[in-house]
Amino acid sequence: DYLPAERAPIGSWQDRLMLETCDLHKSFGDLEVLRGIPTTFNEGEVVGIIGPSGSGKSTLLRCLNRLEVATSGQVLFKGRDIGAPDVDINQVRQQIGMVFQRFNLFPRHTVTENIPLAPGELGRQSLDEAHAQAQKLLAKVGLTDKADAMPDAMSGGQQTRVAIAWALAMAPEGMLFDEGTSALDSEMARA
């Protein structure tokens, strides 16, 4: 079962509410993984979801950006139900970045080809701007020396840092990390 964390107020919650779940349920056949999850995530807030393996942490994160469709209940992004028929979920996902457990980098592209793909393809930046941004993000995650590396030639921690840069390239309003620091060494996890 999910127990909401204690949170200190951050200004007016109504002005800063980003994501909210209302009585969220998710089942896979007879297995009920999420049972009526009510929670809120405010702008600027860092929230950790802790629980044993198989307790539904990844499922919850995947429901927050509708990679999994909830069995019942709602996920609201800035007050709008992301499951509503008129919502363009791809537009929502551009505002909610996600770093996956298994990185999801394109294996046939170098690091500097991976990072600018989404902003360049979606027309958010020119190709030159996207590549310049990729270099800045690589510096931020400490991987400028891996710019021309292929994902499979890098360690798990390095791939995680590329995945973080990849997600940040879209300049999302919020970020979801599915065990985003599990492959990082302790120095990088604290950064």
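Details of the structure are given in the entry above.
Residues numbered from 1 in each chain as written. Predicted model: local features only at pLDDT ≥ 70, side-chain atom pairs only at ≥ 80, totals over all residues. Heavy atoms only, no water.

*Asks:* Where do I start with the packing of aromatic side chains in this structure?
*Replies:* Each aromatic ring pair is described using two quantities: the centre-to-centre distance and the angle formed by the ring planes. Within this structure, the stated rule accounts for 0 aromatic pairs. The side chain of lysine 26 reaches across the aromatic face of phenylalanine 28, ending 4.9 Å from its centre. (Phe/Tyr/Trp six-rings, centres within 6.5 Å; stacked < 30°, edge-to-face > 60°. Lys NZ or Arg CZ within 6 Å of the ring centre and 35° of its normal.)

*Asks:* Would you take a moment to explain unusual backbone geometry for this structure?
*Replies:* Peptide bonds are mostly trans, and most non-glycine residues show a negative phi. Of note, the phi angle at aspartate 23 is positive, near 50°, even though the residue is not glycine. Relative to the helices and strands, aspartate 23 is located in strand β1 (residues 17-28). The class of aspartate 23 is partly exposed, set by a relative accessible area of 46%. (Helix = DSSP H or I, 4+ residues; strand = E, 2+ residues; numbered from the N terminus. Buried < 20%, exposed > 50% of the residue type's maximum accessible area, 1.4 Å probe, protein only.)

*Asks:* How should I be thinking about the layout of surface pockets in this particular structure?
*Replies:* To find leftover empty space, a probe the size of one water molecule is rolled over the atoms. Counted as a void, the largest pocket has a volume near 690 Å³. Contributing to the lining of the largest pocket are 25 residues, with Val47, Gly48, Met175, Leu176 and Phe177 lying nearest its centre. Contributions of two or more residues to the lining of the largest pocket are made by β1, β2 (31-42), α2 (57-64) and β6 (174-177). In terms of residue class, the lining of the largest pocket is made up of 12 nonpolar, 7 polar and 6 charged. (1 Å grid on protein atoms, 1.4 Å probe; cavity = no way out; pocket = protein on both sides within 12 Å on 5 of 7 lines; lining within 4 Å. Points joined across faces, edges and corners; volume = space filled by probe spheres on them. Nonpolar A, V, L, I, M, F, W, Y, C, P; charged D, E, K, R; others polar.)

*Asks:* What exactly am I supposed to notice about the side chain of lysine 26 here?
*Replies:* Take lysine 26: it is sitting in strand β1. Polar side-chain contacts of lysine 26 include one of 2.9 Å to the backbone oxygen of valine 69. For lysine 26, the residues in contact, after removing those within four places along its chain, are Leu31, Glu32, Val33, Leu34, Thr59, Cys63, Glu68, Val69, Ala70 and Thr71. (Polar contact = N/O pair within 3.5 Å; in protein donor to acceptor, adjacent residues only side chain to side chain. Contact = heavy atoms within 4.5 Å.)

*Asks:* Quick question: what am I supposed to make of helix α7 (residues 156-168) here?
*Replies:* Residues lying three or four places apart along an α-helix face the same way, a consequence of the helix completing one turn every 3.6 residues. Compared with the 18 Å implied by 1.5 Å per residue over 13 residues, the 18 Å span of α7 between its first and last C-alpha is a close match. Of all 13 residues in α7, 11 are buried; the element is thus mostly enclosed. For α7, the full list of buried residues reads Gly157, Gln158, Gln159, Thr160, Arg161, Val162, Ala163, Ile164, Ala165, Trp166 and Ala167. (Expected span 1.5 Å × (residues − 1).)

*Asks:* Would you mind showing me how to read the pattern of salt bridges here?
*Replies:* When charged atoms on two side chains of opposite charge get close, those side chains can pair. All chains considered together, the criterion is met by 5 salt bridges. The salt bridge partner of glutamate 68 is lysine 26, with a shortest N-O separation of 3.7 Å. With glutamate 68 in the loop between α2 and β3 (72-77) and lysine 26 in strand β1, this residue pair connects regions lying 42 residues apart in the sequence. For the pair glutamate 68 and lysine 26, one class covers both residues: buried. Among the ionic pairs, arginine 35 bridges to glutamate 32, the shortest N-O distance being 3.8 Å. Judged by relative accessible area, which is 30%, glutamate 32 ranks as partly exposed. (Salt bridge = Lys/Arg side-chain N within 4 Å of Asp/Glu carboxyl O.)

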